[in-house]
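# Coordinate inspection notes
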Amino acid sequence: MTSSAQEMDYGTPARATAREVTLEIDGRSVTVAAGESVMRAAIEAGVQVPKLCATDSLEPFGSCRLCLVEIEGRKGYPASCTTPVEPGMKVRTHSPRLHQLRKGVMELYISDHPLDCLTCGANGNCELQDMAGATGLRNVRYGFDGANHLQDAKDESNPYFTYDPSKCIVCSRCVRACEETQGTFALTIDGRGFDSRVAAGQNEDFMDSECVSCGACVQACPTATLQEKSLIELGQPSHSVVTTCAYCGVGCGFKAEMKGSEVVRMVPWKDGKANDGHSCVKGRFAWGYATHPDRITRPMIRAKITDPWREVSWEEAIGHAASEFRRIQAKYGRDAVGGITSSRCTNEETYLVQKLIRAAFGNNNVDTCARVCHSPTGYGLGQTLGTSAGTQTFKSVEESDVIMVIGANPGAAHPVFASRMKKRLREGAKLIVIDPRQIDLVKSPHIRADFHLQLRPGTNVAVITAMAHVVVTEGLLADAYIAERCEDASFQAWKAFVARPENSPEATERVSGVPAELLRGAARLYATGSADGRRGERPVNAAIYYGLGVTEHAQGSTMVMGIANLAMATGNVGREGVGVNPLRGQNNVQGSCDMGSFPHELPGYRHIGDAAVRGRFEAAWGVALQAEPGLRIPNMFEAALDGSFMGLYCEGEDIVQSDPDTQHVAAALSAMECIVVQDIFLNETAKYAHVFLPGSSFLEKDGTFTNAERRISRVRQVMAPLGGYADWEVTQLLSNALGYPMNYRHPGEIMDEIAALTPTFAGVSYEKIDRLGSVQWPCNEGTDEGGTATMHIGGFVRGKGRFFVTQYVESDEKVTPRYPLLLTTGRILSQYNVGAQTRRTPNNRWHNEDRLEIHPVDAEDRGIVHDQWVAVRSRAGETVLRATITERIQPGVVYTTFHFPESGANVITTDSSDWATNCPEYKVTAVQVMPVSQPSRWQQEFQRFHAEQLGLLNAARAPQEAAAVMGK
């Protein structure tokens, strides 16, 4: 989807109502939705009304006075943006008097504005410039001798955009965008009258203020006051390509605005169904990694990881990888090799990798990084509701009365959805936060959680079961819903279990640390919309959103089932504003699971042991498939150390940094004889590789991503792959070299195969996605054309909803005198996952190291001061981080992020994992923290190994760089 035209701006938001109003605008009859503004009605009818303060992403403000109209029977000249339509209204948008008024207003604006249009970065894309032309302004009578703002100094502190107050017209669009769209409230109008100016924080630089650099203010600005530095440097784009962000699981639509094959800026797509034109700092600005000098664009091979890399042709690299895999299989057996797919790659790329493993390797040794984040979601929701995915759209939260956030920090990890949620909270929805930390949702501008259940890490199941106890024992069940839609036997067993006295809030308070009265109030609020348990006139819409703080536990699957139990018991599945909604961490976690990346499941979550399902794939692929599940990632590591798993194909995943117990992972990789890594940088896993195949960034990809709301969106290539091949083509080359032919000509053909073999994708095609913007699975003959927005309407996918007993089992990771604190982990807004992308952008300005958060009481007990280096020791290892003393974390608990490899956050996480899926228990690690003065032994070895591997890489690059210099 390529475009050169700007998107239409209707001035004010559309109004969602079935009632219509007919009026007359400039002599023509116009019918629009009731509640719409006169301005929007006119623009929808093709009549352009001049405007500056109005834009259709913000509520009308009525300050610029350019959109004045005449209305028959009314005195004066009302602003069309703030005037709602009325039946029979007769509007005139242009007249000599209106022209005179608008021209006078524009003259005042321009009298205090630099006349540098020819050299301004916004030249050719400036609303002020456009309105000067629209109003016919040709000269300014007032001159520039009086007071003005032309010498106001620029604020260049933000690495991505500049603020030039000399060009500000004080339209307040940026302030309103920060409030209405983003919900940060970082901008204000400071001063009065002529002295009015936009201010960040308390008249601070943008970088020192609470601004989160989402770009909403830049997007809203009608002049060059707030402008991307990339646009100033590169000039106006000539065309754009609609694509999908490759960061978190929100799946924002963007327009990559281009000059030739160079990206000028990324602009959030107004028609993006997941983001509605909003963005965050990562998607909006942190795309420069795609052309970073660290990119490896030529294939490389080496015999041992202590050897220098050698750049080779694609043909030699692919041939060498294939021969090594065949050698290993001949020596150790067919099951001695396997592969890992990535949640950062497209559906089509992931599908091909699992197909290669099953059809070319001849085994089911395929797994995905979703194993270490949301595999309990797949298991828990599959068992209870019948499908391994969230139930709602993101937009559904706008209908919620009560929102419960469990083990997630949307403001940091899913910021665009967080903004939508915060808007609903400001409108009056109630909020329950269940989290060991005080995340920003607990208390932020104009938002305060009604309940914050600050539980001890590892006690999720005890808390959710205690909430269920309140619902059952206080008569808050949705009896009719349960009788109609759920299994009676499983419900009765669950009901009897949760009603036991040992599951009461009072009994579990000692375990969880959550005061019983708070837990009871939260349970009543979720079930009824009232903290005292009184029901309203209609059923409350209560929605649950959860993250890795639910799944990354030894009882992750149990907790997911507990969440589903609670939602079913209160009737909160199957309509708008409710549901069970996992917030997927990476851009295609949902898709990587959908595509059959687990060793026991084919695409569409169908078990490899099902002969009928397997037969369909065997017929389509022309090869016999193993009936037994293969190895999970942890099993691969154990088998490598045992000498029976010797070859790995790893596409787009950094298991050394992201998997738990780093030293164990490194030892397993060191034991293997051939590791093939396909990626864009020499990440921590690639340092153990024997073959490096250049990967492609999302700007070089063509395919689809599936976000957390099951929305399948197109990823469109905006520049040619720097390595010469797209990722799907590389996998195809490897498969062909292994003797299993793949001959796709375009990713669309891969999606056609997916749709033919996967019932939930049967109606998915590129043509449909291009036409509709996106589709949501299930998408087949039994659904609407665009798929299924809300799951389980009228009945569950599995038939009757099934309840499960959720017995709390204490984690093996217990505090002891040796390890008296509990470590939990999470993410931060400016960085993403292992940081390979964001660390190569100016996002480091906000967060350039992982730090350890510790409560003042625990810090004082250990003699720790703020910013001091501290050792964090667990039974798995030790690392050293800088301390941040804060009351955001509770006593007895410490917290860190995991975005920087040198921090070694996963050196200290252990091999404890979920009982059903082997998802690691990242969120509960018993540790001791003490002041130190030097890095840990592991960190010292990391620095040595890192320098060695960079040296071996540079040895391969030196001839190429020398040749480039000679060529100049």
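The structure contained in this document is the topic of the report that follows. Bear in mind that the values here come from a model prediction, so they are computed numbers and not experimental data. The residue count restarts for each chain, going from 1 along the sequence in the order it is written. Only residues with pLDDT of 70 or above have their local features reported here, since the model is predicted, and side-chain atom pairs are shown and tallied only from 80 upward, although totals for entire chains, interfaces and linings are computed over all residues. Processing note: side-chain calculations cover all non-hydrogen atoms of the structure and skip hydrogens and water entirely.

## As for the overall build of the protein chain
- Numbering goes from the N terminus for both helices and strands, where a helix is a DSSP run of H or I of at least four residues and a strand is a run of E of at least two. A count of helical and extended segments in the protein chain gives 30 helices and 37 strands.
- The globule rule puts the C-alpha radius of gyration for 968 residues at 30 Å, and the 29 Å found for the protein chain is close to it.
- Here the C-alpha coordinates of the protein chain stretch approximately 90 × 80 × 65 Å along the principal axes.
- Each residue gets one of three labels from its accessible area relative to the maximum for its type: buried under 20%, exposed over 50%, partly exposed in between, using a 1.4 Å probe on protein chains only. Out of the 968 residues in the protein chain, the part that is buried amounts to 63%.
- In what follows, residue pairs with any heavy atoms lying within 4.5 Å of each other are defined as contacts. Looking at the protein chain alone, contacts between residues at least 24 apart form 72% of all its contacts between residues at least 6 apart. Just to be clear, the radius of gyration here is over C-alpha atoms, and the globule rule we use is 2.2 Å times residues to the power 0.38.

## Some details on the pattern of salt bridges
- The salt bridge definition used is simple: a Lys or Arg side-chain nitrogen within 4 Å of an Asp or Glu carboxyl oxygen. Applying the stated rule across the entire model yields 58 salt bridges.
- A salt bridge links Lys 229 to Glu 156; its shortest N-O distance comes to 3.7 Å. Of this pair, Lys 229 sits in helix 6 (residues 229–234) while Glu 156 is found in the loop between helix 3 (127–134) and strand 6 (161–163), placing the two residues 73 residues apart along the sequence.
- The exposure class of Glu 156 is partly exposed, given its relative accessible area of 42%.
- The closest approach of N and O atoms between Arg 771 and Glu 767, which form a salt bridge, is 2.7 Å. Here Arg 771 and its partner Glu 767 are both found in helix 27 (residues 766–772), four residues apart, which amounts to about one turn of the helix.
- The class of Arg 771 is partly exposed, set by a relative accessible area of 45%.

## Things to note about the packing of helix 21 (residues 611–621) against helix 26 (residues 747–757)
- Interaxial angles span 0 to 180 degrees and are taken between N-to-C directions of axes, which are lines fitted to C-alpha atoms, for helices over the stretch in contact. With their axes 11 Å apart at the nearest point, helix 21 and helix 26 run at an angle of 145° to one another. The chirality of how helix 21 crosses helix 26 is right-handed. Residues Arg 616, Phe 617, Ala 620 and Trp 621 of helix 21 form the contact with helix 26, whose own contacting residues are Glu 753, Ala 756 and Leu 757.
- Within the contact of helix 21 with helix 26, the residues separate by chemical class into five nonpolar, no polar and two charged. Left-handed describes a crossing whose near helix is turned anticlockwise from the far helix through less than a right angle; right-handed describes the clockwise counterpart. Think of it as three bins: nonpolar holds Ala, Val, Leu, Ile, Met, Phe, Trp, Tyr, Cys and Pro, charged holds Asp, Glu, Lys and Arg, and polar takes everything else, Gly as well.

## Side note on the packing of helix 10 (residues 375–384) against helix 19 (residues 556–569)
- Following both chains from N to C, one finds helix 10 and helix 19 inclined at 40°, their axes separated by 8 Å at the closest point. Taken together, the axis directions place helix 10 and helix 19 in an arrangement best described as oblique. Between helix 10 and helix 19 lies a crossing of right-handed hand. Of the residues in helix 19, those in contact with Pro 376, Thr 377, Tyr 379, Gly 380, Leu 381, Gln 383 and Thr 384 of helix 10 are Gly 556, Ser 557, Val 560, Met 561, Ala 564, Asn 565 and Met 568.
- Of the residues belonging to the contact of helix 10 with helix 19, the class tally is seven nonpolar, seven polar and no charged. Comment on the angle field: the value is read as roughly parallel under 35 degrees, roughly antiparallel over 145, roughly perpendicular from 65 to 115, and oblique elsewhere.

## What about the side chain of His 553?
- By secondary structure assignment, the location of His 553 is in the loop between helix 18 (548–551) and helix 19.
- A relative accessible area of 7% places His 553 in the buried class.
- Polar contact criterion, stated in full: a pair of N or O atoms within 3.5 Å, where within protein one must be able to donate a hydrogen and the other to accept it, and residues adjacent in sequence count only if both atoms are side-chain atoms. Among the polar contacts made by the side chain of His 553, one reaches the main-chain carbonyl oxygen of Gly 549 at a distance of 2.8 Å.
- Those residues in contact with His 553, other than ones at most four positions away along the chain, are Gly 458, Asn 460, Ser 913, Asp 914, Cys 919, Pro 920, Glu 921, Lys 923 and Val 924.

## Some thoughts on the packing of aromatic side chains
- Only centres within 6.5 Å qualify two rings of Phe, Tyr or Trp (six-membered ring in Trp) as a pair; their planes then separate them into stacked at under 30 degrees, edge-to-face at over 60, and tilted for everything else. Per the stated rule, a full pass over the model turns up 21 aromatic pairs.
- With a centroid separation of 5.1 Å and an interplanar angle of 85°, the aromatic rings of Trp 314 and Tyr 725 are classed as edge-to-face. Taken together, the residues Trp 314 in helix 8 (residues 314–332) and Tyr 725 in the loop between strand 30 (711–715) and helix 25 (727–737) connect sequence positions 411 residues apart.
- A relative accessible area of 13% means that Trp 314 is categorised as buried.
- Of the residues examined, Tyr 725 reaches a relative accessible area of 30% and is grouped as partly exposed.
- Arranged with centres 5.1 Å apart and planes meeting at 35°, the rings of Tyr 688 and Phe 945 form a pair that is tilted. In this pair, Tyr 688 is assigned in the loop between strand 27 (674–679) and strand 28 (691–694) and Phe 945 in helix 30 (residues 937–967), connecting sequence segments 257 residues apart.
- Judged by relative accessible area, Phe 945 falls into the buried class, the value being 12%.

## Details of empty space enclosed by the protein
- Definitions used throughout: a 1 Å grid over protein atoms alone; a cavity as a set of points that fits a 1.4 Å probe which cannot get out; a pocket as an open set with protein on both sides within 12 Å along at least five of seven lines; a lining residue as one with an atom within 4 Å of a point. Grid points are joined across faces, edges and corners, and a volume is the space filled by probe spheres set on the points. Summed over the entire model, instances satisfying the criterion amount to nine cavities of 30 Å³ or more.
- Estimated volume of the largest cavity: approximately 380 Å³.
- Lining the largest cavity are 29 residues, and of these Gly 407, Ala 408, Gly 549, Thr 825 and Lys 923 lie nearest its centre.
- For the lining of the largest cavity, the residue count by class is 13 nonpolar, twelve polar and four charged.

## Some remarks on unusual backbone geometry
- The peptide bond linking Trp 777 to Pro 778 adopts the cis configuration, its omega dihedral lying at 0°.
- Looking at where Pro 778 falls in the secondary structure, it is placed in the loop between strand 31 (775–776) and strand 32 (821–826).
- The backbone of Val 170 sits at a positive phi, close to 55°, despite the residue not being glycine.
- Take Val 170: it is sitting in the loop between strand 6 and helix 4 (173–182).
- One non-glycine residue, Asn 203, adopts positive backbone phi at about 55°.
- Its location among the elements puts Asn 203 in the loop between strand 8 (197–200) and helix 5 (216–220).

## What about the nonpolar core?
- Put simply, a nonpolar core is a bunch of buried Ala, Val, Leu, Ile, Met, Phe, Trp, Tyr and Cys residues held in one set by side-chain atoms that sit within 4.5 Å of each other. Counting residues in hydrophobic clusters, the biggest one holds 70 residues, and the most contacted among them are Leu 226, Ile 403, Met 421 and Leu 431.
- Considering each element in turn, this core owes the most residues, four residues, to helix 12 (residues 415–426).
- Sequence-distant contacts of Leu 431, that is, excluding residues within four places in its chain, are made with Ile 403, Val 405, Leu 425, Leu 441, Ile 447, Ala 449, Asp 450 and Phe 451.

## Side note on helix 22 (residues 633–642)
- Buried within helix 22 we find Ile 633, Met 636, Phe 637, Ala 639 and Ala 640. The buried residues of helix 22 occupy an angular sector of 165° when the element is viewed end-on, so they sit on one face.
- Elements in contact with the buried residues of helix 22: strand 15 (337–341), strand 16 (366–368), strand 26 (647–651), helix 23 (655–658) and helix 24 (662–671).
- Phi turns positive one or two residues past the end of helix 22, at Gly 643, with a value near 85°. By construction, the arc corresponds to the directions joining the helix axis to the C-beta atoms.

## Examining the state of the cysteines
- By definition, disulfides here are pairs of cysteine sulfur atoms that lie within 2.5 Å. On inspection of all chains with the given rule, the structure shows zero disulfides.
- Looking at Cys 53, it has no disulfide partner, and the nearest cysteine sulfur is the one in Cys 64, 3.8 Å off.
- The thiol of Cys 67 is not disulfide-bonded; the next cysteine sulfur, from Cys 81, is found 3.9 Å away.

## A few points about the sheet that holds strand 4 (residues 70–71)
- Ordered by their spatial adjacency, four strands build an open sheet running 3-2-5-4, and the pairing between neighbours is mixed. Because the sheet does not close on itself, it has two edges, and the strands there are strand 3 (28–33) and strand 4.
- A pair of strands is labelled paired if DSSP reports no fewer than 2 bridges between them. Where strand 2 (residues 20–25) and strand 3 come together, six bridges link them in antiparallel fashion. Looking at strand 3, one finds that Glu 24 is bridged to Ser 29.

## What to know about the sheet that holds strand 17 (residues 402–406)
- Here we have five strands laid out as an open sheet, ordered 21-18-17-22-23, and parallel in their pairing. Of all the strands in the sheet, the pair left with one neighbour each is strand 21 (451–453) and strand 23 (579–582). Neighbour-to-neighbour, the strand axes of the sheet open up by a mean angle of 15°, direction not taken into account.

## Points about helix 3
- Those residues of helix 3 that sit buried are Leu 128, Met 131 and Ala 132. Seen from one end, helix 3 has its buried residues packed into an arc of 105°, which puts them on one side.
- Looking at the buried side of helix 3, the elements it contacts are helix 2 (96–110).
- Positive phi appears at Gly 136, one or two residues downstream of helix 3, with a value of about 75°.

## Side note on the pairing of strand 29 (residues 703–706)
- Of the two faces of strand 29, the one lined by Gly 703 and Phe 705 and the one lined by Thr 704 and Thr 706 are each fully buried.
- Bridge analysis of strand 29 against strand 30 gives four bridges, and the strand direction is antiparallel. Residue pairing in the sheet places Phe 705 in a bridge with Ser 713 of strand 30.
- Here strand 29 hands over to strand 30 after four residues, with Arg 710 in that stretch at a positive phi of 65°.

## Re the layout of surface pockets
- Of the volumes computed, that of the second largest pocket is approximately 940 Å³.
- For the lining of the second largest pocket, the elements supplying multiple residues, two or more each, are helix 11 (410–413), helix 12, strand 19 (443–444), strand 33 (851–854) and strand 36 (893–897).
- No other element matches helix 12, which puts four residues into the lining of the second largest pocket.
- Looking at the lining of the second largest pocket residue by residue, the classes come out as eleven nonpolar, 13 polar and ten charged.

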